[in-house]
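# Structural description and commentary
If you want the building blocks of each chain, they are given just below.
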Amino acid sequence: QVQLVESGGGLVQAGGSLRLSCAASGLTFSKHAMGWFRQGPGKEREFVASVSWNGASTYYADSVKGRFTISRDNAKNSVYLQMNSLKSEDTAVYYCAATDWVVVTIPEHEYRYWGQGTQVTVSS
């Protein structure tokens, strides 16, 4: 049974930083590209970032480019999202997801496995 468990969310002031973690189990982690998505209040879930199977390639939504960094540690079966210069509009539930593709992947429907999400609230 595949499990993705996010952690690291919380309340932070605008301009602050948070680091999200996602621990994966039940799958061969290094055979899957990973992604982070988010869903803000009253909004649809949207793509944030993706990392290839070996961490060599990454891709970001324009809204977070230059502020967020996605990375992974295959030895720890984990993927991370470092979020800097946070803005109130970054407030959302953040989800970790795994796709069967090994390359960076954007479309939500390409992701098979999903975590339960972690809340990030940025106060202005």
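See the structure above.
All of the points below concern the structure found in this document. (Residues numbered from 1 in each chain as written. Predicted model: local features only at pLDDT ≥ 70, side-chain atom pairs only at ≥ 80, totals over all residues. Heavy atoms only, no water.)

This paragraph deals with the environment of Tyr 59. Topologically, Tyr 59 is positioned in strand E6 (residues 58-60). What makes Tyr 59 partly exposed here is its relative accessible area of 39%. It is 21 Å that separates the C-alpha atoms of Tyr 59 and Ser 7, two residues lying 52 residues apart in sequence. With residues near it in sequence (within four places) discarded, Tyr 59 still touches Phe 47, Val 48, Ala 49, Ser 50, Val 104 and Ile 106. (Helix = DSSP H or I, 4+ residues; strand = E, 2+ residues; numbered from the N terminus. Buried < 20%, exposed > 50% of the residue type's maximum accessible area, 1.4 Å probe, protein only. Contact = heavy atoms within 4.5 Å.)

Further remarks concern the pattern of salt bridges. Across all of its chains, the model carries six salt bridges by this definition. Here Asp 90 ties to Arg 67 by a salt bridge, and the two come within 2.7 Å at their closest N and O atoms. A residue pair is termed long-range when its members are at least 10 positions apart, and Asp 90 in the loop between strand E8 (78-83) and strand E9 (92-99) and Arg 67 in the loop between E6 and strand E7 (68-73) qualify at 23 residues. On the basis of relative accessible area, Asp 90 is assigned to the buried category, the value being 0%. Salt bridges sharing partners connect three or more residues here, namely Arg 38, Glu 46, Arg 67 and Asp 90. (Salt bridge = Lys/Arg side-chain N within 4 Å of Asp/Glu carboxyl O.)

As a further point, take the pairing of strand E3 (residues 18-25). Relative to E3, strand E1 (residues 3-7) is paired through five bridges, and the arrangement is antiparallel. Each bridged residue has a counterpart across the sheet, and for Val 5 the counterpart in E3 is Ala 23. Summarising the sheet, E3 and E8 pair through six bridges and their orientation is antiparallel. Counterpart to Leu 18 in the pairing with E8 is Met 83. (Pairing = 2+ DSSP bridges.)

Counting residues in hydrophobic clusters, the biggest one holds 32 residues, and the most contacted among them are Trp 36, Val 79, Leu 81, Met 83 and Tyr 94. When residues of this core are traced back to their parent elements, those giving at least two are E3, strand E4 (34-39), strand E5 (46-51), E7, E8, E9 and strand E11 (118-123). Sequence-distant contacts of Leu 81, that is, excluding residues within four places in its chain, are made with Leu 18, Arg 19, Leu 20, Trp 36, Val 48, Ala 49, Phe 68, Thr 69, Ile 70 and Tyr 94. (Core = buried A, V, L, I, M, F, W, Y, C linked by side-chain atoms within 4.5 Å.)

Time to look at the state of the cysteines. If you walk through the whole model with that rule in mind, you get one disulfide. The disulfide bridge from Cys 22 ends at Cys 96, spanning 2.1 Å between sulfur atoms. Its S-S torsion of about -70° marks the bond between Cys 22 and Cys 96 as left-handed, since a negative value means left-handed. Taken together, the positions of Cys 22 in strand E3 and Cys 96 in strand E9 put the pair 74 residues apart, joining distant regions of the chain. Of the two residues, Cys 22 and Cys 96, both sit in the buried class. (Disulfide = S-S within 2.5 Å.)

Inspection of the secondary structure puts Ser 52 in the loop between E5 and E6. Polar side-chain contacts of Ser 52 include one of 3.4 Å to the backbone nitrogen of Ala 56. Setting aside its immediate chain neighbours within four residues, Ser 52 contacts Ala 33, Ser 57, Arg 72, Val 102, Val 103 and Val 104. (Polar contact = N/O pair within 3.5 Å; in protein donor to acceptor, adjacent residues only side chain to side chain.)

If you walk across this open sheet you meet the four strands as E1-E3-E8-E7, and the pairing is antiparallel. Every other strand in the sheet has two partners, leaving E1 and E7 as the edge strands with one partner each. Adjacent strand axes in the sheet meet at a mean angle of 15° when their direction is disregarded. (Axes fitted to C-alpha atoms, helices over the stretch in contact; angles between N-to-C directions.)

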